[in-house]
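# Topology and contacts: notes
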Amino acid sequence: MEKVNGQRLRETLEQFSAFGATAAGGVTRLSLSEEDLAARNEFRRLCEKAGLSVTVDDMGNMYGLLRGKKDLPPIATGSHLDSVVKGGRFDGVLGVLAALEVARTIVDRKLELDHPLMVINFTNEEGARFDPAMMSSGVLAGKFDKEEMLRSADPDGVTFGEALEASGFRGDEENRLKEAAAFVELHIEQGPVLEHHGEELAVVEGVMGMCCYEISLHGESNHAGTTPVSMRKDAMFAAAGVLKDLQKQLLELPDDLVFTAGRINAYPNIHTVIPNRVMFTLEARHKDPDVIRRVEEIIQGLPAEEAGCALESRKLWGRDTVVFNDAVVGAVEKSAEELGLNYRKMYSGAGHDAQFIAGFVPSAMIFVPSANGYSHREDEYTTWEECTRGADVLLNAILKLDKELSEPGQEAQEAVQ
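Below you will find a few notes about this structure. (Residues numbered from 1 in each chain as written. Predicted model: local features only at pLDDT ≥ 70, side-chain atom pairs only at ≥ 80, totals over all residues. Heavy atoms only, no water.)

### Examining unusual backbone geometry
Cis geometry is found at the peptide bond from Asp-131 to Pro-132, where omega equals 0°. Along the chain, Pro-132 turns up in the loop between β4 (117-122) and α4 (135-140). With an omega dihedral of 5°, the bond running from Tyr-267 to Pro-268 counts as a cis peptide bond. Checked against the element boundaries, Pro-268 lands in the loop between β9 (264-267) and β10 (277-286). Backbone geometry at Lys-86 places phi at a positive 50°, although glycine is not the residue there. (Helix = DSSP H or I, 4+ residues; strand = E, 2+ residues; numbered from the N terminus.)

This is the structure in structure tokens:
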């Protein structure tokens, strides 16, 4: 089994944590910001220093290509360099820099591949500056309309298209990732499961499907001090009752269902006025489409009235479960086994570029632990040893896939799930 240079990977991760560093040890590196552009330029420099040729497509996605011995579609790997506001040092960037380290290791050890190796930095994965998340991989997969994405504006009114043009990273559409033999994305778990179970790695089989609803209660405003409780149509307490009922019903579904009431708005939102309208969101995630269907049935089965307040629900959005490719998942799992790692197979609850790329390229993911399950916060942490283990699995999975898919036409036989 081959191993990457763990010390070099650590040094590179520490180097990139300076781009947008925050006082509390995290990073703020919003897509196409000055900090992101600095990271992008350094990524390009390091790719070229390692012998990779770098191209950029019309959405700003960056591709570092290491040539292979045969005229075959590339094996691709990577993630994203942008972050949320006051995010962590590992989310996304680990997948990009581990991919670079894999390429460096292959060059250093003269481990020639039949396939080209493609190292990718996807633009605006977080969606923290420009909506939506996973914007550019979504355009590649045909999930989002390019022109609509170019019009997406940040809080200052700058559109994605304007920022992309000013960045110098607006390339050609012909440079887009269109086909590949396989795609593997290394990422931190962003959750507590691996650490809780004392496991070193996750072989990710897919991304959970989800649904998100907005539920509204319509009551009647009146003076908070003069209206008897028995005569009120209080939308806030009605909403509280609906939430409690939803929690009770959802807890009766499989215990690996996750659900969240993450946003609530009350109107007129004055402490001396009975709320006349309360809106909250309810989202749920699970790998089994039937479980998501049952969640939707529960929401759609809510009564038309609660505590004298009219109730409405509407679906904001949803996504289908993405099942990763068996052959690519298998290569990751074999590599973890042969490296002697304690791992589990799991589905991701969070969204990742891989879920869109899986629509046209056989794909899989690798997770390494997140301390305390923390992510999207400044104290996000994954040990250097864990980062290196993930990169080792990534390297060996790519080497396995290169051998398994080296026969011309073999890639087309691997179904994209």
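Structure's up, so let's keep going.
### Brief notes about the nonpolar core
Membership of the largest hydrophobic core comes to 94 residues, with the highest contact counts inside it found for Phe-16 and Phe-324. Ala-238, Leu-246, Ala-266 and Leu-302 belong to the second-largest nonpolar core, a separate cluster that totals 25 residues. (Core = buried A, V, L, I, M, F, W, Y, C linked by side-chain atoms within 4.5 Å. Buried < 20%, exposed > 50% of the residue type's maximum accessible area, 1.4 Å probe, protein only.)

### Topic: the pairing of strand β15 (residues 363-368)
The element β15 is largely enclosed, with a buried count of six among its six residues. Here β15 shows two buried faces, one formed by Ser-363, Met-365 and Phe-367 and the other by Ala-364, Ile-366 and Val-368. Relative to β15, strand β5 (residues 182-188) runs parallel, the two sharing six bridges. Opposite His-187, over in β15, you have Phe-367 as the bridge partner. (Pairing = 2+ DSSP bridges.)

### Details of the pattern of salt bridges
In the structure shown here, the tally under the stated rule is 27 salt bridges. With a closest N to O distance of 3.8 Å, Arg-293 and Asp-290 form a salt bridge. With Arg-293 and Asp-290 both in helix α9 (residues 289-300) and three residues apart, the pair spans about one turn of that helix. According to the relative accessible area criterion, Arg-293 is partly exposed, its value standing at 40%. Taking relative accessible area as the criterion, Asp-290 reaches 44% and is therefore assigned partly exposed. Ionic pairing is found between Lys-334 and Glu-404, a salt bridge with its closest N-O pair at 3.8 Å. Highlighted residues: Lys-334 in helix α10 (residues 326-338) and Glu-404 in helix α12 (residues 384-404), separated in sequence by 70 residues. Overall, the relative accessible area of 40% leaves Lys-334 in the partly exposed class. One network of salt bridges, with partners in common, ties together Arg-8, Glu-101, Arg-104 and Asp-108. (Salt bridge = Lys/Arg side-chain N within 4 Å of Asp/Glu carboxyl O.)

### Focus on the environment of Phe-360
Its location among the elements puts Phe-360 in the loop between α11 (353-357) and β15. Classification of Phe-360 as partly exposed rests on a relative accessible area of 23%. Separated by 177 residues in sequence, Phe-360 and Phe-183 place their C-alpha atoms 9.9 Å apart.

### Quick look at the packing of aromatic side chains
This model, assessed by the stated rule, comprises six aromatic pairs. Between Phe-122 and Phe-183, the aromatic rings sit 6.0 Å apart at their centres with planes inclined by 75°, giving edge-to-face as the arrangement. Separated by 61 residues along the polypeptide, Phe-122 in strand β4 and Phe-183 in strand β5 bring together distant segments of the chain. Relative accessible area serves as the criterion here: at 1%, Phe-122 is assigned to the buried category. (Phe/Tyr/Trp six-rings, centres within 6.5 Å; stacked < 30°, edge-to-face > 60°.)

### Considerations on the environment of Pro-303
The topology assignment puts Pro-303 in the loop between α9 and β11 (305-306). Among the residues examined, Pro-303 registers a relative accessible area of 36% and is labelled partly exposed. When the C-alpha atoms of Pro-303 and Val-242 are compared, they prove to be 9.2 Å apart, with 61 residues separating the residues in sequence.

### Overview of the side chain of Thr-12
Note that Thr-12 resides in helix α1 (residues 6-16). According to the relative accessible area criterion, Thr-12 is buried, its value standing at 5%. At 2.8 Å, the side chain of Thr-12 forms a polar contact with the backbone oxygen of Arg-8. For Thr-12, the contacting residues outside a window of four places in its chain are Leu-46, Leu-97 and Arg-104. (Polar contact = N/O pair within 3.5 Å; in protein donor to acceptor, adjacent residues only side chain to side chain. Contact = heavy atoms within 4.5 Å.)

### Some words on α9
Taking 1.5 Å of rise per residue, 12 residues should cover 16 Å, and α9 covers 16 Å from first to last C-alpha, within 8% of that figure. Those residues of α9 lying buried are Val-291, Ile-292, Val-295, Glu-296, Ile-298 and Ile-299. Projected down its long axis, α9 carries its buried residues within an arc of 155°, all on one side. Among the exposed residues of α9, those pointing more than 90 degrees away from its buried face are Pro-289 and Gln-300. The backbone nitrogen of Asp-290 has a side-chain oxygen 2.9 Å away, supplied by the residue at the start of α9, namely Asp-288. (Expected span 1.5 Å × (residues − 1). Arc of directions from axis to C-beta.)

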